[in-house]
Amino acid sequence: MSDTPDPVVPRNASDTVAQFDHRHRSTLDRVQHFLHQYPTMVPVIVLVLSLIAFGLISPNFFSAFNLSLVLQQVAVVGTLAAAQSLVILTAGIDLSVGAVMVLISVVMGQLAINFGVPVPIAIFVGLACGAATGALNGFLVTRLKLPPFITTLGTWNVFLALNYYLSGRETIRSQTLDAEAPLLKFFGTRFEIGGAVLTYGVVLMLVVFAVLYYALYKTAWGRRVYAVGDDPESAALAGIQTKRVLLSVYVVAGLICGLAAWSSIGRVGSISPTSFFEANLESITAVVIGGISLFGGRGSILGPLIGALIVGVFNSGLRLAGVDVLWQLFATGWLIIFAVAVDQWIRKVSS
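Please read all numbers here as calculations on a predicted model, not as lab measurements. (Residues numbered from 1 in each chain as written. Predicted model: local features only at pLDDT ≥ 70, side-chain atom pairs only at ≥ 80, totals over all residues. Heavy atoms only, no water.)

(A) Geometry of helix 12 (residues 279–289). In terms of burial, helix 12 is a largely internal element, nine of the eleven residues being buried. Residues Ala 279, Asn 280, Ser 283, Ile 284, Thr 285, Ala 286, Val 287, Val 288 and Ile 289 constitute the buried set of helix 12. Following helix 12 by one or two positions, Gly 291 adopts a phi angle in the positive range, close to 95 degrees. (Buried < 20%, exposed > 50% of the residue type's maximum accessible area, 1.4 Å probe, protein only. Helix = DSSP H or I, 4+ residues; strand = E, 2+ residues; numbered from the N terminus.)

Structure below.
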């Protein structure tokens, strides 16, 4: 016979099983949850609405030539945004990507034109230098534990100074490139598909995003990048070498900046130390509008591509409508504010 006393049951105790009230979700709540699950849908919706609106305003907007021109205009910034998006996915930011791109284009041009280095070797050295600049940023962030914003703000000035020093503030003209290093202008080569005139720079942009999509969603490295961006402490406890992942992200970003540099030479047709001066901000704009969270760990790599297209569509549509460039910048600014506001709203979704 057990010595344990029987439990005392209160007289007014109910036999009813405990229940929890489930709050009815409104339509707005459902939309919030949907966008939280598929954050890329925000820029997709904005892009579709923009195409419809500008198509109604200007009858020439949907011409094959105009749409292909939009792709040509965003090819360089879109490629650069791919590099920027990798860093932002880790909850960092790289203010030096534009300076790195221009510096690498100068390195390629100086080696090929002024030092007589064979063009393929000059391109290879340029790409290696791009990876090295990324490694420098990654070392400062991971080993010295400096904030990415301050680190890349400092290296932006360093790379810009090196750019002016190596170039002597002089532009390598298109005629010189055509005569001595035409391969440097390869990504500016045009081809036609059904009335649309594209460049190999556009193809490069699409290939870069396709490769990153596979790397981020089909490999262990990609899962680690998202894990580090979402919660580095939890990622470390799970056995992920966070410093090594961060360093690899910056190296890959620097390599992509090198590819963007090669593409920029073809786009501009020359090598100027002052070209793409606002590329840093433009790449961040494409990433933010594309739905990648500035807090890291969330967003699709395809978002920055869509974000770059949105900016290109806005600029093209407003230009065809006769709107001054000033108001194009005004519209882009509000797009950035809208994108950040939507990201903050989506992050507040209840789990």
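There's more to say after this.
(B) Spotlight on unusual backbone geometry. You will see that Ala 91, though not glycine, has its phi angle at about 70 degrees, which is positive. By the secondary structure assignment, Ala 91 is in the loop between helix 3 (64–89) and helix 4 (97–114). With a phi angle near 60 degrees, Arg 169 is a residue other than glycine that sits in the positive phi range. In this structure, Arg 169 sits in the loop between helix 6 (148–167) and helix 7 (174–180).

(C) Region of the structure containing the state of the cysteines. A full pass over the atoms with the stated rule returns zero disulfides. Between Cys 129, a cysteine without a disulfide, and Cys 257, which holds the nearest cysteine sulfur, the sulfur-to-sulfur distance is 13 Å. (Disulfide = S-S within 2.5 Å.)

(D) Structural view of the packing of helix 4 against helix 6. Following both chains from N to C, one finds helix 4 and helix 6 inclined at 25 degrees, their axes separated by 9 Å at the closest point. Relative to helix 6, the element helix 4 lies roughly parallel. Handedness of the crossing formed by helix 4 with helix 6: left-handed. Residue-level contacts link Ala 99, Val 100, Val 102, Leu 103, Val 106, Val 107 and Gln 110 of helix 4 to Trp 156, Phe 159, Leu 160, Leu 162, Asn 163, Leu 166 and Ser 167 of helix 6. (Axes fitted to C-alpha atoms, helices over the stretch in contact; angles between N-to-C directions. Parallel < 35°, antiparallel > 145°, perpendicular 65-115°, else oblique. Left-handed = near helix turned anticlockwise from the far one by under 90°. Contact = heavy atoms within 4.5 Å.)

(E) How the structure looks around a positive patch on the surface. Taken together, the side chains of Arg 143, Lys 145, Lys 243 and Arg 244 define a basic patch exposed on the protein surface. Checked against the element boundaries, Lys 243 lands in helix 11 (residues 242–268). (Patch = residues over 30% accessible without salt bridge, like charges linked within 9 Å, V, L, I, M, F, W, Y side chains within 5 Å. Areas by Shrake-Rupley, 256 points an atom, 1.4 Å probe, with all protein chains shown as cover. Salt bridge = Lys/Arg side-chain N within 4 Å of Asp/Glu carboxyl O. Lys, Arg positive; Asp, Glu negative; His and termini not counted. Charge placed at Lys NZ, Arg CZ, Asp CG, Glu CD.)

Function cannot be read off these values alone, since they describe shape.
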